[in-house]
Amino acid sequence: MQRGLVAPPPVGPAAGDGSAAFATVTAELAIAPPGDSLTIAPGSCAGLTITRRLSLIGQQGETLPQINFIDVAGASTINLRRLDIGRLSVKNVAGLSRVEECEIRTSPFSSATAMIVENAEQLLVRQCEVIAQGETDGTGSIGMIVTGNSRVHVVECEVRGADAWYSTFWAWAGWGGDALKAKDQS
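Here the structure is a predicted model, which means the values were calculated and not measured.

Observations concerning the overall build of the chain
A tally of regular secondary structure across the chain gives 1 helix and 19 strands. Across the 186 residues of the chain, 42% fall into the buried class. A fraction of 48% describes how many contacts in the chain between residues 6 or more apart in sequence connect residues 24 or more apart. Total accessible area on the chain stands at roughly 9100 Å², and carbon and sulfur atoms take up 51% of it.

The following block contains the structure:
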């Protein structure tokens, strides 16, 4: 079922097509049945955890909805499109899943990896920017880690690790982070 616009604040009243407007993405996600498609209006959200088949699609326009983090765990499939995500984790996902036209960027003050994929049966990452911007102890953060038994297709994307850290105070410079690391059976 296609749901209406969700994000703080709601963009408008529900249409007569079975969709509804909700005050927050979290409120709608709590009641959305598996297979729902949620259209998200511009705004910001602290973070989401997705545990079932679901589509989150940013509303058309210049401004992408901002979500601090999305953790996907144990869903049968997911579809994320046109979102600005601070950190994305996709773990134990069966079926064909998609992450398209998204900006996945860590904060410059975070040492987190921008995107982690673990045991994803088949994941298409298309037309995305996956960029780590933070560093820790002079070592740049990693853009994307693919691990476990994952099959990931990265198409028309920019994937970057964090730049090397440099300080005029310290006599040494750090190392930049890897763009992409794949290990295990991936």
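Focus: the environment of Ala 120
Along the chain, Ala 120 turns up in strand β12 (residues 115-126). Residues contacting Ala 120, with those up to four places away along its chain left out, are Val 93, Asn 149, Ser 150 and Arg 151.

A word on the sheet that holds strand β9 (residues 84-85)
Spatial ordering of the open sheet is given by β3-β6-β9-β11-β13-β18, a layout of 6 strands whose pairing is parallel. Of all strands in the sheet, those bounded by a partner on one side alone are β3 (44-45) and β18 (158-160). Across 3 bridges, the pairing between strand β13 (residues 129-131) and β18 is parallel. Among the inter-strand pairings, Ile 131 is bridged to a residue of β18, identified as Arg 160.

So, the nonpolar core
The nonpolar side chains of a soluble globular protein tend to be buried, and buried together. Ranked by internal contacts, the top residues of the largest apolar core, which has 34 residues, are Leu 80 and Met 115. Sort the elements by how many residues they give to this core and β12 lands first, with 5 residues.

Topic: the state of the cysteines
Counted according to the given criterion, the structure contains 0 disulfides. For Cys 157, which is in no disulfide, the shortest distance to another cysteine sulfur is to Cys 128 and amounts to 4.8 Å.

Examining the pattern of salt bridges
Within the structure shown, the criterion is met by 8 salt bridges. Here Arg 87 ties to Asp 71 by a salt bridge, and the two come within 3.0 Å at their closest N and O atoms. Of this pair, Arg 87 sits in the loop between β9 and β10 (88-100) while Asp 71 sits in strand β7 (residues 70-73), and the two are 16 residues apart along the sequence. Take Asp 71: its relative accessible area is 22%, and that puts it in the partly exposed class. Overlapping salt bridges, with partners in common, bring together Arg 81, Arg 98, Glu 100, Glu 101 and Arg 126 in one network.

Structural notes on the environment of Ala 41
Examined against the element boundaries, Ala 41 turns out to sit in the loop between β2 (37-40) and β3. Separated by 25 residues in the primary sequence, Ala 41 and Gln 66 place their C-alpha atoms 9.5 Å from one another.

A closer look at the pairing of strand β5 (residues 54-58)
For β5, the tally of buried residues reaches 5 of 5 residues, placing the bulk of the element in the interior. Burial along β5 is two-sided: Leu 54, Leu 56 and Gly 58 facing one way and Ser 55 and Ile 57 facing the other are all buried. As paired strands, β2 and β5 are joined by 4 bridges and run parallel to one another. Residue pairing across strands places Leu 38 opposite Leu 56, the latter belonging to β5. Where β5 and strand β8 (residues 78-81) come together, 4 bridges link them in parallel fashion. Bridging from a neighbouring strand, Leu 54 pairs with Ile 78 of β8.

Each value, and the rule that gives it
Residues numbered from 1 in each chain as written. Predicted model: local features only at pLDDT ≥ 70, side-chain atom pairs only at ≥ 80, totals over all residues. Heavy atoms only, no water. Helix = DSSP H or I, 4+ residues; strand = E, 2+ residues; numbered from the N terminus. Buried < 20%, exposed > 50% of the residue type's maximum accessible area, 1.4 Å probe, protein only. Contact = heavy atoms within 4.5 Å. Areas by Shrake-Rupley, 256 points an atom, 1.4 Å probe, with all protein chains shown as cover. Pairing = 2+ DSSP bridges. Core = buried A, V, L, I, M, F, W, Y, C linked by side-chain atoms within 4.5 Å. Disulfide = S-S within 2.5 Å. Salt bridge = Lys/Arg side-chain N within 4 Å of Asp/Glu carboxyl O.

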